[in-house]
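Overview (structure and organization)
Each chain, written out:
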Amino acid sequence: MNNNQHMQPQEKETEISQLGEFGLIHHLTDGIEPKNSSTLKGIGDDAAILTYPDTDVVVSTDLLLEGVHFDLTYVPLKHLGYKSAVVNISDICAMNATPRQITVSLGISKRFTVEHMEQLYDGIRLACQVYGVDLVGGDTTASRQGLVISVTAIGDAPRNTVVRRDGAHDTDLICVSGDLGAAYMGLQVLEREKAASAGRPDFIPKFDGKEYLVERQLKPEARKDIVEALAKAGIKPTSMIDVSDGLSSELLHICKASNTGCRVYEDRIPIDYQTAVMAEELNMNLVTAALNGGEDYELLFTVPLTDHERVSSMKGVHVIGRITRPELGCALVTRDDQEMPLQAQGWNHMA
């Protein structure tokens, strides 16, 4: 796993300067046609034209920097393109909305070729195809600091159905989709293999029995399916957020915004078997990893107590606790009924 091995060499490499900025954009976006009726005009003008006559619009932006948010030693460019789009699509889903469009802007250093950017855009295009999203614009510029990716996602929801962080109430149930901690454990696997590969160009990484963890880190999915299932079940969450920085951090965001407390139960936190095995291998506290790992991109949401039966029967959704009055604070209830204060120990981008 030598440096940048996933920037796969091609037989014929094309310097980006040969195409220029506009030539590169045209090359990477050629053949993209809008699929959503809200996209009146996509790529090819000074700005995209979007129309939303009867809905509320939600917008989210993320900035990803090489060396801070991703490591090209073990992240294939196609996976990086897919993940860059998905993490923004996830933010739209976390508003109980449907993702419709994205824009992609790139800062590109001289070591990247046109072929490298094609790999990145293969992943972006795949994400757009999987989630029914239109790529409607963006920008490119030179970078002296490696690869920089900025994605803006736009979505919509019928009036009065958008869900924010600040609507949780005392006695609401706390729910989460999927399982937690796997992406963080996948990162540990990748970092371990990277360290083992140092100075060994013929090194072959060992992912046996850890495939799920690696996939959760390299190729996360946005839970658009959960948003659709909630609508089908007739459930409107009172608050919602996606788990990007860890369950503890996200739950504290909801409680702070809603002016509530919470109780989350250790024995109800959903954890995959591979995550548990990896935590044991690393001598790491499993619950700590699930609470603080981050990058799971699952949906954390609250629903009224009256929805207990309906939400409990939903596939892939787990009831893990309850919202309380603010004066009770935010705590994890352990397996032996001890209460431990919840702390935001997720990854701090600015640290």
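Here's what I pulled together on the structure shown here. Please read these numbers as outputs of a predicted model, since none were measured by experiment.

Calculation notes
Residues numbered from 1 in each chain as written. Predicted model: local features only at pLDDT ≥ 70, side-chain atom pairs only at ≥ 80, totals over all residues. Heavy atoms only, no water. Axes fitted to C-alpha atoms, helices over the stretch in contact; angles between N-to-C directions. Helix = DSSP H or I, 4+ residues; strand = E, 2+ residues; numbered from the N terminus. Parallel < 35°, antiparallel > 145°, perpendicular 65-115°, else oblique. Left-handed = near helix turned anticlockwise from the far one by under 90°. Contact = heavy atoms within 4.5 Å. Nonpolar A, V, L, I, M, F, W, Y, C, P; charged D, E, K, R; others polar. Core = buried A, V, L, I, M, F, W, Y, C linked by side-chain atoms within 4.5 Å. Buried < 20%, exposed > 50% of the residue type's maximum accessible area, 1.4 Å probe, protein only. Salt bridge = Lys/Arg side-chain N within 4 Å of Asp/Glu carboxyl O. Pairing = 2+ DSSP bridges. Polar contact = N/O pair within 3.5 Å; in protein donor to acceptor, adjacent residues only side chain to side chain.

Structural notes on the packing of helix α4 (residues 182-196) against helix α8 (residues 273-281)
Taken N-terminus to C-terminus, the directions of α4 and α8 make an angle of 50°; their axes are 9 Å apart at the nearest point. Comparing the axis directions of α4 and α8 gives the class oblique. For the pair α4 and α8, the crossing hand works out as left-handed. On α8, the residues touching A182, M185, Q188, V189 and R192 of α4 are T275, M278, A279 and E281. Each residue belonging to the contact of α4 with α8 can be placed in one class, and the counts come to five nonpolar, two polar and two charged.

Focus on the nonpolar core
One recurring pattern in soluble globular proteins is that nonpolar side chains are buried together. Of all hydrophobic cores here, the largest spans 61 residues; its most connected members are L80, I102, L147, I149, F301 and V311. The dominant element in this core, judged by the number of residues it contributes, is helix α2 (residues 77-93), at eight residues. Excluding residues within four positions of it along the chain, I102 makes contact with A85, I124, C128, V133, D134, L135, V136, G137, V151, T152 and A153. By size, the runner-up hydrophobic cluster in this structure holds 22 residues, among which are I174, L251, V287 and L291.

Let's talk about the pattern of salt bridges
Throughout the structure, instances matching the rule amount to 19 salt bridges. Here R111 makes a salt bridge to E66, at a shortest N to O gap of 2.3 Å. Here R111 is found in the loop between β4 (98-108) and α3 (114-131), whereas its partner E66 is found in the loop between β3 (55-65) and α2, with 45 residues between them in sequence. Under the relative-accessibility criterion, R111 is labelled partly exposed at 33%. Here R263 makes a salt bridge to E339, at a shortest N to O gap of 3.0 Å. Residue R263 is found in strand β9 (residues 261-265), and its partner E339 is found in strand β13 (residues 339-341); the two are separated by 76 residues along the sequence. Residue R263 is classed as buried on the basis of its relative accessible area of 7%.

Things to note about the sheet that holds strand β6 (residues 148-158)
Remark on secondary structure: sheet strands pair via backbone hydrogen bonds, oriented parallel or antiparallel. Across the sheet, four strands lie side by side as β3-β6-β4-β5; this open sheet has mixed pairing. Both outer strands of the open sheet, β3 and β5 (134-142), are each paired with one neighbouring strand and no more. Going from strand to strand, the sheet's axes swing by 15° on average, the running direction of each strand aside. Of the pairings in the sheet, the one linking β4 to β5 comprises eight bridges and is parallel in character. The partner of I102 across the bridge, within β5, is L135. Sheet strands in contact with α3 are β4, β5 and β6, and its direction is about 170° off that of β4.

With respect to the environment of R325
Tracing the backbone through its elements, the reader meets R325 in the loop between β11 (317-324) and β12 (330-333). Given a relative accessible area of 41%, R325 falls into the partly exposed group. Separated by 299 residues in sequence, R325 and H26 place their C-alpha atoms 55 Å apart. For R325, the contacting residues outside a window of four places in its chain are D170, T260 and G261.

Quick notes on the side chain of T73
With respect to the helices and strands, T73 occurs in the loop between β3 and α2. A distance of 2.6 Å separates a polar atom in the side chain of T73 from a polar atom in the side chain of D71.

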